[in-house]
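Structural characterization, general
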Amino acid sequence: MFKDLKSLRSQQCGESISELFEDDPNRADMFSVRFETLLFDYSKTQITAAVRAGLIELCNRQNVAGRREAMFEGGKVNETEQRAVLHTALRDPDGPELIVDGEDIRAPLRATLGRMERLARRVRSGELAGPGGPFTDVVNIGIGGSDLGPVMAALALAPYHDGPRCHFVSNVDGAHIHDILQRIDPKTTLVIVASKTFTTVETMTNAATARRWVESGGGKPARQFLALSTSEEETAAFGIPREHVFGFEDWVGGRYSVWGPIGLSLMLAVGPDHFQAFLAGGKSMDTHFRTAPWKQTMPVMLALTGVWHNQVCGYPTRAVLPYDQRLRRLPAYLQQLEMESNGKSVAMDGSPLPHLSGPVVWGEPGTNGQHAFYQLLHQGTSVVPAEFLVAANGHEPELEQHHRLLVVNCLAQSEALMRGRSLDDACALMRAAGYTGTELERQARHRVFPGNRPSTTLIYPQLTPYVLGQIIALYEHRVFVEGVILGINSFDQWGVELGKELANSLLPLLSRANGDAEKDGSTRALLDFVRKFKA
């Protein structure tokens, strides 16, 4: 599949980015994409016009357009599970008829969104309250997609919070729920339990703990618990009334679910109107993805840049670096979105994947990361493509100087990664500092930056609900395009299952040795060590 592109590797992946700018004064304009108020700049990469043409041809050969339309129209593009993939429909409930398994799904989507809005307004107004009065706090209990999406979005939209305070519990480690519950009142707390099947072990363990906490603190679980689940039987058995249950279909994957009921905690925090703006931002990116030419389509060029760096140039990781403190959970969110989607080793037809699958995704907000791992980005032996995000404006006009420092640091880092510092320049610095002879060169070599390290930058005017919706949808479609090009199914996650199955088999062995003979020597030894301290 990648024969033509790999033939470019020796001459293109190591080409001087600085020289590309010298050769083309308009490079920044030619290798960037604008959509509404967003700018995606990929000019600080080794992608040339010829490389881009080859990447776009790859889109055509892999039928990205056909797969895209099949996804939007309800085709079962999740082939291993024979499911449609329609998180896009969640942000377009008023769209035209959309038939899935013989039924139009738009009306149920509108009904569910309407129920969410009515409940949110009742909670926010105090009409729906706990025994101690209006709800002051919301605790969302989930894991994976039932946690990462809403917690990331809630943090991102903190300037718009005017509802109850939101807290998020995901880890089965008791410390997580303990440290949250000890700070809030069980009689004025609303608990949301998010689990499609209502059987997820970590989530239901935390939910049971929260129910005991509410009961022992004088609360009323039937009034104070909501369920985001498709299982009416399990939610009823837990004691949650039907009117407090919000379901979602199997054509919404967990990591794509923040747009629907899984986003209820976000709606409670920012209100239905801002949540609608969030949906509208996602929908705008959907329309752009479906209608713009490939070269002017932001998700496509973001995806092709990723394919170029990972599958062609062989860079195994990418760093997501939001210069926006409120996007501090975006790298973790994208870890799941990208690595659970495209971390596969089998092609759609079941054959072994003949090339690299998705990269390792990691990151941290700037400027914190500059004082942690940027040393490796600039001078390490591994090349790590960097993906910067930054807003032109913050939400605190009285702290404008802070934001100016933030923006210039972001722009300076991408420039430094590209330009580097030569040995001659480093020697000049050391000479000016008074060094001479062999010590001058020794000191200078420690101050050489290889440069020519690729990066991209996404700039937006301000992190609003609408812009956040655009950003999340942008990355969703990026993952989809990369998956189609790789020839894999981005919408299943079988790799999550085996460890969960083994954990269930190990649980009874923590209290007894009988039955552990079938385990390997290391696992038996580890179990034996833990048992000594459990006794």
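Notes on the structure in this doc start here. Note that the coordinates shown come from a computational prediction; the quantities given were computed from them, not determined experimentally.

Turning our eyes to something else, we now look at the pattern of salt bridges. Counted according to the given criterion, the structure contains 33 salt bridges. Between R290 and E69 there is a salt bridge whose closest N-O contact spans 2.6 Å. Placement of the pair is R290 in helix α15 (residues 272-291) and E69 in helix α6 (residues 64-72), with a sequence separation of 221 residues. With its nearest N and O atoms 3.4 Å apart, the salt bridge here joins R122 to E127. By relative accessible area, R122 is classed as partly exposed at 33%.

A water-sized probe rolled over the atoms picks out the places where empty space is left. Computed from the structure, the largest pocket encloses a volume of approximately 1300 Å³. Along the wall of the largest pocket there are 45 residues; nearest its centre are T200, Q493, V496, E497 and K500. Elements that contribute at least two residues to the lining of the largest pocket include exactly α9 (145-156), α11 (201-216), α17 (330-342), α23 (497-506) and α24 (521-534). Considering each element in turn, the lining of the largest pocket owes the most residues, 6 residues, to α23. Taken together, the residues of the lining of the largest pocket sort by class into 18 nonpolar, 17 polar and 10 charged. Looking at the second largest pocket, its volume works out to about 610 Å³. If you go around the second largest pocket, you meet 32 residues; those closest to its centre are P108, G247, F248, E249 and W251. Every element with two or more residues in the lining of the second largest pocket is listed here: α8 (106-125) and β11 (245-246). For the lining of the second largest pocket, the element with the most residues is α8, which contributes 6 residues.

Whenever strands of a sheet pair, they do so through backbone hydrogen bonds, lying parallel or antiparallel. Spatially, 6 strands are ordered β1-β2-β15-β14-β12-β13 in an open sheet, and the strand pairing comes out mixed. At either end of the open sheet lies a strand with only one pairing partner, and these are β1 (32-35) and β13 (360-363). Averaged over all neighbouring strand pairs, the angle between strand axes comes to 15 degrees, with direction disregarded. Where strand β2 (residues 38-41) lies against strand β15 (residues 455-460), 3 bridges are found, and the strand directions are antiparallel. Across the sheet, the residue bridging to D41 is T457, located in β15. Packing against the sheet, α17 makes contact with β12 (317-323), β13 and β14 (386-391), and its axis sits at approximately 175 degrees to β13.

So, how was this worked out
- Residues numbered from 1 in each chain as written.
- Predicted model: local features only at pLDDT ≥ 70, side-chain atom pairs only at ≥ 80, totals over all residues.
- Heavy atoms only, no water.
- Salt bridge = Lys/Arg side-chain N within 4 Å of Asp/Glu carboxyl O.
- Helix = DSSP H or I, 4+ residues; strand = E, 2+ residues; numbered from the N terminus.
- Buried < 20%, exposed > 50% of the residue type's maximum accessible area, 1.4 Å probe, protein only.
- 1 Å grid on protein atoms, 1.4 Å probe; cavity = no way out; pocket = protein on both sides within 12 Å on 5 of 7 lines; lining within 4 Å.
- Points joined across faces, edges and corners; volume = space filled by probe spheres on them.
- Nonpolar A, V, L, I, M, F, W, Y, C, P; charged D, E, K, R; others polar.
- Pairing = 2+ DSSP bridges.
- Axes fitted to C-alpha atoms, helices over the stretch in contact; angles between N-to-C directions.
- Contact = heavy atoms within 4.5 Å.

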